[in-house]
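The primary structure of each chain is shown beneath.
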Amino acid sequence: QVQLVESGGGLVQAGDSLRLSCAASGRTISSYAMGWFRQAPGKEREFVAAISWNGVYTPYADSVKGRFTILRDNAKNMVYLQMNSLKPEDTAIYYCAVDRDHELGRPEAYEYDYWGQGTQVTVSS
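Please read all numbers here as calculations on a predicted model, not as lab measurements.

### Focus: the state of the cysteines
Consideration 1: Taken as a whole and judged by the stated rule, the model has one disulfide.
Consideration 2: Residue pairing for Cys22: its cysteine sulfur links by disulfide to Cys96, the two sulfurs lying 1.9 Å apart. Note on the Cys22 and Cys96 pair: the S-S dihedral is about 55 degrees, so by sign convention the disulfide is right-handed. Taken together, the positions of Cys22 in strand S3 (residues 18-25) and Cys96 in strand S8 (residues 92-99) put the pair 74 residues apart, joining distant regions of the chain. Of the two residues, Cys22 and Cys96, both sit in the buried class.

### Some thoughts on the sheet that holds strand S7 (residues 78-83)
Two modes of strand pairing occur in sheets, parallel and antiparallel, and in both the strands are linked by backbone hydrogen bonds.
Consideration 1: Taken in spatial order, the four strands line up as S1-S3-S7-S6 in an open sheet, and their pairing is antiparallel. Sheet topology places strand S1 (3-7) and strand S6 (68-73) at the edges, where each strand pairs with a single neighbour. Averaged over all adjacent pairs, the angle separating strand axes in this sheet is 15 degrees, with direction ignored.
Consideration 2: Judged from the six bridges that link them, S3 and S7 form a sheet pairing that is antiparallel.

Rules used throughout
Residues numbered from 1 in each chain as written. Predicted model: local features only at pLDDT ≥ 70, side-chain atom pairs only at ≥ 80, totals over all residues. Heavy atoms only, no water. Disulfide = S-S within 2.5 Å. Helix = DSSP H or I, 4+ residues; strand = E, 2+ residues; numbered from the N terminus. Buried < 20%, exposed > 50% of the residue type's maximum accessible area, 1.4 Å probe, protein only. Pairing = 2+ DSSP bridges. Axes fitted to C-alpha atoms, helices over the stretch in contact; angles between N-to-C directions.

Structural measurements only, silent on function.
Right, dumping it as structure tokens:
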């Protein structure tokens, strides 16, 4: 079993940057795809970005493409989400997740097996 803990969220202004971290424990995630999702109040959870086990394949949601970057450090069992040029519509709880069955990151939430508790990101205008 894999435990995930997200951190790095906070309250920022539009245009600012944040770097979210996801620390994995319990077992190594080096062979698993990882993903970031978010859920805003009253909305369904949506895909943000994913990363393949080796960091080569990194799909993004259209809404964050060019502003967000997903990274991983397998030696540290960590995944990151660098968020630049933040917008008020980026306000949400951000979750990281593990996909044990696919080497490439996928955008479907149901493909992911383990989830963290989330970290709140609030962007003011």
